[in-house]
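For reference, the chains in residue letters:
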Amino acid sequence: AQSVSQHNHHVILSEAASLELGCNYSYGGTVNLFWYVQYPGQHLQLLLKYFSGDPLVKGIKGFEAEFIKSKFSFNLRKPSVQWSDTAEYFCAVKKQTGANNLFFGTGTRLTVIP
Amino acid sequence: DAMVIQNPRYQVTQFGKPVTLSCSQTLNHNVMYWYQQKSSQAPKLLFHYYDKDFNNEADTPDNFQSRRPNTSFCFLDIRSPGLGDAAMYLCATSRRTGGSETQYFGPGTRLLVL
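If you're wondering where the values come from, they're calculated on a predicted model, not measured in any experiment.

What is the right way to read the state of the cysteines from this model?
Put plainly, a disulfide is one covalent bond tying together the sulfur atoms of two cysteines. Residues and elements named next belong to chain A. The full count for this structure, using the stated rule, is two disulfides over all chains. Note on cysteine connectivity: Cys23 is disulfide-linked to Cys91, with sulfurs 1.9 Å apart. Negative torsions about the S-S bond denote left-handed disulfides, and the value of about -65° found for Cys23 with Cys91 makes this one left-handed. Here the residue Cys23 occupies a position in the loop between strand 3 (19-21) and strand 4 (24-25), and Cys91 occupies one in strand 10 (residues 87-95), the gap between them amounting to 68 residues.

Right, here's the structure in full:
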């Protein structure tokens with residue numbers, strides 16, 4: 001069955017530290033990949049997405065993610081985090097063909113300490 | 001601004017008392033989704049409408065039903081809520097034109113069952 005793994009449940013960083021959140025998925029076919037962010041008390045917002053082409057994707061607010069097909073990974077990165085990046089981050093995967101389910105990871109809570 | 005709207009943001013119901021959650025969108029998207037998200041878990045797809053076609057997930061309980069009277073509105077009906085149905089319910093929409101699509105989420109309705 002399709003699954004999405006986010007191994008880091010809670011990450012605590014100081015401001016200006018670099019961030020990398022891991023995401024691995026189990027489906028072997030062609031996939032669409034997403035990172036969503038949920039700020040406290042707010043709804044899920046799209047950070048970035050990968051459909052095809054350049055595996056290094058740039059999103060909003062200085063975030064980027066790299067799709068490594070051989071590792072079934074789509075890790076999220078930011079070179080220097082800010083206090084305002086404190087939020088829950090969800091990786092999600094969708095098969096490009098067939099079922100239209102968006103499979104979510106369990107999320108990673110990021111706390112940035114000023 | 002085009003958006004996905006969910007009402008109410010908080011809903012309290014009694015055990016066994018039917019409840020309806022609503023979702024509307026101004027994006028003119030042809031697909032609308034309902035997810036259930038329990039605390040510290042990933043959002044779980046319950047069902048979705050592709051235009052007027054209803055697609056139920058295999059493991060969605062019969063207690064959960066949905067209606068889409070027109071493109072803009074979609075409702076989630078819980079016929080006899082149990083304590084285990086307390087959760088955040090997320091509505092999402094997308095434009096399906098081929099293999100790749102992006103889902104946009106509403107703010108969610110938090111359901112409390114007494």
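What am I meant to see in the interface of chain A and chain B here?
It is common to report an interface's size as the accessible area lost on association of the parts. Contacts between the two partners involve 19 residues from chain A and, on the opposite side, 21 residues from chain B. Of the roughly 1600 Å² buried at the junction of chain A and chain B (both faces included), carbon and sulfur atoms supply 53%. Taken together, chain A and chain B are joined by two residue pairs in polar contact (both at pLDDT 80 or more). Counting only elements with at least two residues in the side of chain A that touches chain B, the list comes to strand 5 (31-38), strand 6 (45-50), strand 10 and strand 11 (102-104) of chain A. With four residues, the single largest contributor to the side of chain A that touches chain B is strand 5 of chain A. Grouping the amino acids of the side of chain A that touches chain B by side-chain chemistry returns eight nonpolar, nine polar and two charged.

Mind showing me how you'd approach the pairing of strand 7 (residues 64-67) of chain B here?
In the case of a regular strand, side chains alternate between the two sheet surfaces. All names here are of chain B. Only one face of strand 7 is buried, namely the one carrying Phe64 and Ser66, since none of Gln65 and Arg67 on the opposite face is buried. Relative to strand 8 (residues 73-78), strand 7 is paired through four bridges, and the arrangement is antiparallel. Within strand 8, the residue paired with Ser66 across the bridge is Leu76. Where strand 7 folds back on strand 8, the antiparallel hairpin that results is connected by five residues.

What counts as what
Residues numbered from 1 in each chain as written. Chains lettered and ligands numbered in written order. Predicted model: local features only at pLDDT ≥ 70, side-chain atom pairs only at ≥ 80, totals over all residues. Heavy atoms only, no water. Disulfide = S-S within 2.5 Å. Helix = DSSP H or I, 4+ residues; strand = E, 2+ residues; numbered from the N terminus. Contact = heavy atoms within 4.5 Å. Buried area = accessible area lost by both parts, 1.4 Å probe. Polar contact = N/O pair within 3.5 Å; in protein donor to acceptor, adjacent residues only side chain to side chain. Nonpolar A, V, L, I, M, F, W, Y, C, P; charged D, E, K, R; others polar. Buried < 20%, exposed > 50% of the residue type's maximum accessible area, 1.4 Å probe, protein only. Pairing = 2+ DSSP bridges.

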